[in-house]
Amino acid sequence: MDAAMLTALGALLASPVAAAAAIYGSRGATRAAREGGVITGYDSLTARLTAERDKAEQDQATAEQRAAALELEVARLRLLVTQLGGTP
C-alpha cells in the first residue's frame, strides 16, 4: 500500500467518526440548552413564589393589626355603652 491509499482509507474511516462526534456534540448542546432553560425557569418560579409569600405575610400582618385595632375599638365602645347605663 502506498501513502495515497493509506490517506484515502484514513479519510474514509475518519469521516464517520467525525459525523458521529458532530451528532453527539449537537445532542449534548441541545440537552445543555434545555437544562439551562429548566434551571432558569425554576429560578424564576422560585423568585415569584418568594415574592408572593412575602406579600402574603405582609398582608397577614396588616390584617392582624387591623383586627387588633377593631377589637380595641369594640372594647372602648362597650365601656362607653356601660358608662352610659346601657347593656352592650
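Residues numbered from 1 in each chain as written. Predicted model: local features only at pLDDT ≥ 70, side-chain atom pairs only at ≥ 80, totals over all residues. Heavy atoms only, no water.

*Asks:* Quick question: what am I supposed to make of the overall build of the protein here?
*Replies:* Secondary structure summary: the protein contains one helix and zero strands in total. Taking all 88 residues of the protein together, the buried fraction comes to 0%. Roughly 7600 Å² of accessible area belongs to the protein as shown, and the carbon and sulfur atoms make up 66% of that amount. (Helix = DSSP H or I, 4+ residues; strand = E, 2+ residues; numbered from the N terminus. Buried < 20%, exposed > 50% of the residue type's maximum accessible area, 1.4 Å probe, protein only. Areas by Shrake-Rupley, 256 points an atom, 1.4 Å probe, with all protein chains shown as cover.)

*Asks:* Sorry, what's going on with the pattern of salt bridges here?
*Replies:* For side chains bearing opposite charge, pairing can occur when the charged atoms are close. Tallied over the entire structure, the rule returns four salt bridges. With a closest N to O distance of 3.2 Å, Asp54 and Arg53 form a salt bridge. Classification of Arg53 as partly exposed rests on a relative accessible area of 46%. Glu57 is the partner of Arg53 in a salt bridge, and the nearest nitrogen-oxygen pair spans 3.9 Å. (Salt bridge = Lys/Arg side-chain N within 4 Å of Asp/Glu carboxyl O.)

*Asks:* Just checking my understanding: could you explain a nonpolar patch on the surface for this structure?
*Replies:* Side chains of Leu77, Leu80 and Leu84 sit close together on the surface and give an oily, nonpolar patch of about 290 Å² of accessible area. On the basis of relative accessible area, Leu77 is assigned to the partly exposed category, the value being 39%. (Patch = residues over 30% accessible without salt bridge, like charges linked within 9 Å, V, L, I, M, F, W, Y side chains within 5 Å.)

*Asks:* Any chance you could explain the environment of Pro88 here in plain terms?
*Replies:* In this fold, Pro88 is placed in the segment after helix H1 (3-83). By relative accessible area, which is 57% here, Pro88 ends up exposed. In this structure, the C-alpha to C-alpha distance between Pro88 and Arg78, residues 10 residues apart in sequence, is 5.5 Å.

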